[in-house]
Amino acid sequence: MFRLEARTSTPAWFNLVLPLIAIAATLVLCSGLIAIAGAGVIEAYGVMLSASLGDSYAITETLVRAAPMIFTGLAVAIAFRAKFWNIGAEGQLLAGAVASCFVGEIPMPGTLAMLLMAIVGAAAGAVVALVPATLRVKFKVDDVVSSLLLNSVIYYALMALIEGPWKDTFSGYPISPPIEDSANLPVLIEGTRLHLGVVVALIAAPLCWFLIARTTLGFRIRVTGENPEAARFGGINVQRVLLSTALLSGALAGLAGVGEVGGVHFQVMSDISPGYGYSGIVVAMLARLNPLGVVPAAIFLAAVMTGAEAMSRATGVPAFLSDVIQGTALLAMLVALLFTAYRIRRVGAQT
Amino acid sequence: MSAVFEQIFQVGFLAAIVRIATPLAFATLGEMFSERAGVLNLGIEGIMLLSAMAGFTATSLSGSLWLGVLVAVLVGAAMGALHALFTVALGLSQHVCGIGVTLFSSGLAYFLYRLIFGQQSVPPSIDGFKPVPIPLLSGMPVLGPAVFNQFTLVYLAIMAVPLAAFVLYRTPWGLSVRMVGENPRAADSAGVSVIATRFQAVILGGALMGLAGAFLTMAQFNAFTFGVVSGRGWVAIALVVFGRWDPWRSAGAALLFAFVDALQLRMQASGLGHIPYEAFLMLPFIFTIVAMAFMSRNAVAPSALLKPFRREER
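Everything numeric here is computed off the predicted structure, so don't read it as measured data. Within every chain, residues take consecutive numbers counted from 1 along the sequence as written. Here chains are named by letter from A upward and ligands by number from 1 upward, in the order in which they appear as written. Totals for whole chains, interfaces and linings use all residues, but because this is a predicted model, local features are given only for residues with pLDDT of at least 70 and pairs of side-chain atoms are given and counted only at 80 or more. Water and hydrogen atoms play no part in the side-chain values, which are based on all heavy atoms of the structure.

A few words now on the interface of chain B and chain A. By definition, residues are in contact when any of their heavy atoms lie within 4.5 Å. On the chain A side, the residues contacting the 42 residues of chain B number 43 residues. Taken over both partners, the interface formed by chain B and chain A buries close to 3800 Å², and the fraction arising from carbon and sulfur atoms is 84%. Any Lys or Arg side-chain nitrogen located within 4 Å of an Asp or Glu carboxyl oxygen qualifies as a salt bridge. The interface formed by chain B and chain A includes 0 salt bridges. Polar contact is the term for a pair of N or O atoms within 3.5 Å; when the atoms are in protein, one must be able to donate a hydrogen and the other to accept it, and sequence-neighboring residues count only if both atoms are side-chain atoms. Linking chain B to chain A there are 1 residue pair in polar contact (both at pLDDT 80 or more). Breaking the side of chain B that touches chain A down by element, the ones donating at least two residues are helix H4 (65-89), helix H5 (94-117), helix H11 (232-242) and helix H13 (277-295) of chain B. Secondary structure elements follow DSSP: runs of H or I of four or more residues count as helices, runs of E of two or more count as strands, with numbering from the N terminus. Per-element tally for the side of chain B that touches chain A: the top contributor is H5(B), with 14 residues. Three classes are used, and their members are as follows: Ala, Val, Leu, Ile, Met, Phe, Trp, Tyr, Cys and Pro are nonpolar, Asp, Glu, Lys and Arg are charged, and the others, Gly among them, are polar. Here the residues of the side of chain B that touches chain A sort into 31 nonpolar, 6 polar and 5 charged. Buried area: the accessible area, evaluated with a 1.4 Å probe, that two parts lose upon being put together, summed over both parts.

As structure tokens, then:
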């Protein structure tokens, strides 16, 4: 007989091993789909790997794809640390994209434009995230549902803008006019799409780690999440911590949108985010809510997405495999997390 | 103004409302059963999509519409069981699992659809359900063409609402569902299996979400597209809250939303676009968020919603 038994502590190496186990399980499970599609499993995964991380150009493409997911992953990780259930990173990203695009369309010196885009985009994301947090603090409204529903509100607002007053008069398509050329984030390596925003994302992760692990606010966020009662007794204003967390989380998600507008698309369209906000939840869970873990987790998902397209061309396996991998990875990780709270014990039959 | 009015409220408007409300009613009832048992199912968006795809594919390959409906319902129930396995049996966090189920099932739906049908310039379609007029009743003025000359699935949805209310409020199983959603500890003491009841409710919910998906691809559009659900699952999440976790109120909320949606479609079609149609589509979400702020004071949500139950932990 086997029995689940509660653990009192979790070994540190679990943080590294569990995501790897989850990813391995995911790849094994999804290999069934590759086989159904009539392709060789090793070949398909091989193409995926070489097309996403095999040469320097592929790596830059993967990093460009990873950047928004690093931001949304950080947004979700920090929010979840405080047990502020922000499912709304998608909407906050869109708000950041729209706001920064507005700014980027105003002619002004390039450096100023980029700086303002980042500030305004982050602020827009923060304002959106503040809504579910305020509703929870003031009215005890469940933040899961309210932050989720706000995604749809922001999406329709975006659509109303680009199909209405903000429609690009030049092309006539439902897309916004492009931002000024001078506001485009500089490309760091000639001949690639690797833009400044990617570096900012890579720097943001250790900064967020420092904030969570080493600052007073980070301490308050952690205590609020782990034990709000203790936090209250310890003189922490839990409501304020939740609001600060929401501002921070929303700002990070907003920056994801800024990067997409400033460095990748240079305008806003309906599919500017292929669900990067939801991917952020996958990234954050794979990272075990650790900001430093967000970077490899986001790069993994990005590699799967970039690699899937090449795999599809080479083997005929639909590129949508990357979507299945994403969902499976999240579920596998959740199951793996059980082992941090429980251990399997053999129970003697004679009892 | 009266010309505008006539253009919008012409014959067929009521019928359109009923048609739009049908998948929402199935999905909302499904989510309601799940939540009444204490399990939030954010997998709804993906479950509807996968069921819509599965039902469409089964019909497309077999030629039988009802086989397609059956497959959609079974797929929905299976995905419900998956969500229950994670959230009820393993006690994992419901919102994250729900997002996982949505990502997984929509990914699977896209993948399998592309695998089976390839990339075609014109999406394949099926000969979907046809309206079945009910003798005598369909001859009634106004209500006749609107309500009694519809698809069989619409009649099923109309019957599902009182049935759901009966099951929830008048049967021992319904009582168990409400107990495990309100106070699982007490239900457990009273000899109700919390785990089994929650499993059953989430699976029933998934089956209803499957019916919603089937309606979209087999009666409403007769084809599967990647955007066929396009947020209807999230709408259902909102409608359950707006309908205060009650079958009648939730169905009413579905009708209200369908009215707004039909109105928006009419205004778009008639070119009376002073107000962007997206403003209408936003309404249910905004209303629900505002309603939540007012409702929370008298706490109508099932008390044990989002809380896993582990017997040994007291």
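Each pair of aromatic rings taken from Phe, Tyr and Trp, with Trp reduced to its six-membered ring, is defined by centres within 6.5 Å and is described as stacked if the planes are under 30 degrees apart, edge-to-face if over 60, and tilted in the remaining cases. Scanning the model with the defined rule gives 18 aromatic pairs over all chains in all. Ring centres of Phe242(B) and Phe287(B) lie 6.5 Å apart, and the angle between their planes is 15°; this geometry places the pair in the stacked category. Linking Phe242(B) in helix H11 with Phe287(B) in helix H13, this pair joins segments that are 45 residues apart in sequence. Residue class for Phe242(B) comes out partly exposed when judged on its relative accessible area of 30%. Here Phe287(B) falls in the partly exposed class, since its relative accessible area comes to 46%. The rings of Phe320(A), Phe56(B), Tyr110(B), Tyr113(B), Phe117(B), Phe224(B) and Phe226(B) are connected pair by pair, giving a single aromatic cluster. Burial classes follow relative accessibility: with a 1.4 Å probe on protein chains only, a residue under 20% of its type's maximum area counts as buried, one over 50% as exposed, and anything between as partly exposed.

Let us look at the environment of Ala287(A). Residue and element names in this part refer to chain A. Looking at the secondary structure, you find Ala287 in the loop between helix H11 (276-286) and helix H12 (291-315). The exposure class of Ala287 is buried, given its relative accessible area of 8%. Between the alpha carbons of Ala287 and Val137 there is a distance of 27 Å; along the sequence they are 150 residues apart. If sequence neighbours within four positions are ignored, Ala287 has contacts with Gly293, Val294 and Ala297.

Residue and element names in this part refer to chain B. The phi torsion at Leu136 lies on the positive side, around 70°, for a residue other than glycine. Among the secondary structure elements, Leu136 is positioned in the loop between strand E1 (132-133) and helix H6 (143-147). Here the phi dihedral of Asn222 falls at roughly 55°; this positive angle occurs in a residue that is not glycine. Tracing the backbone through its elements, the reader meets Asn222 in the loop between helix H10 (194-220) and H11.

Here we take up the packing of H11(A) against H5(B). In this analysis an axis means a line fitted to C-alpha atoms, helices contributing only their contacting stretch, and an angle means the value between N-to-C directions, from 0 to 180 degrees. It is at 10 Å that the axes of H11(A) and H5(B) come closest, and there the two elements cross at 120°. Relative to H5(B), the element H11(A) is oriented oblique. The handedness of the crossing between H11(A) and H5(B) is left-handed. Only Val96(B), Ile99(B) and Leu103(B) of H5(B) make contact with H11(A), whose side of the interface consists of Tyr278(A), Ile281(A), Val282(A) and Met285(A). Grouping the constituent residues of the contact of H11(A) with H5(B) by class yields 7 nonpolar, no polar and no charged. In what follows, roughly perpendicular refers to angles from 65 to 115 degrees, roughly parallel to angles under 35, roughly antiparallel to angles over 145, and oblique to any angle outside these ranges. Handedness of a crossing follows from how the near helix is turned relative to the far one, being left-handed for an anticlockwise turn of less than a right angle and right-handed for a clockwise one.

On to the nonpolar core. Definition used in this section: a nonpolar core is a set of buried Ala, Val, Leu, Ile, Met, Phe, Trp, Tyr and Cys residues joined via side-chain atoms within 4.5 Å. With 216 residues, the main nonpolar core has Phe80(A), Val268(A), Met285(A), Leu321(A), Leu330(A), Leu334(A) and Phe224(B) as its most contacted residues. Per-element accounting of this core gives the leading share, 14 residues, to helix H3 (residues 56-81) of chain A. Those residues within four positions of Val268(A) in sequence are excluded, and the remaining contacts are Ala97(A), Val98(A), Cys101(A), Leu158(A), Ile162(A), Trp166(A), Ile175(A), Ser176(A) and Val261(A).

With that out of the way, let us pick up the pattern of salt bridges. Residue and element names in this part refer to chain A. This model, assessed by the stated rule, comprises 5 salt bridges over all chains. A salt bridge links Glu61 to Arg193; the nearest nitrogen and oxygen atoms lie 2.9 Å apart. Of this pair, Glu61 sits in helix H3 while Arg193 sits in the loop between helix H6 (143-163) and helix H7 (196-214), placing them 132 residues apart in sequence. Judged by relative accessible area, which is 38%, Arg193 ranks as partly exposed. The partner of Arg136 in a salt bridge is Asp143, and the shortest N-O contact between them spans 2.6 Å.

Here we come to the environment of Val177(B). Residue and element names in this part refer to chain B. Position of Val177 relative to the elements: it lies in helix H8 (residues 172-182). Along the backbone, Val177 and Gly144 are 33 residues apart, and their C-alpha atoms lie at a distance of 37 Å. Those residues within four positions of Val177 in sequence are excluded, and the remaining contacts are Phe33, Arg36, Ala37, Leu168, Thr197 and Ala201.

In this section: H8(B). All names here are of chain B. Buried within H8 are the following residues: Gly174, Ser176, Val177, Val180 and Gly181. Buried residues of H8 fall within an arc of 155° about the axis and therefore sit on the same side. Residues of H8 that are buried sit in contact with helix H2 (13-36), helix H7 (152-170), helix H9 (184-189) and H10. The reported arc concerns the directions from the helix axis to the C-beta atoms and nothing else.

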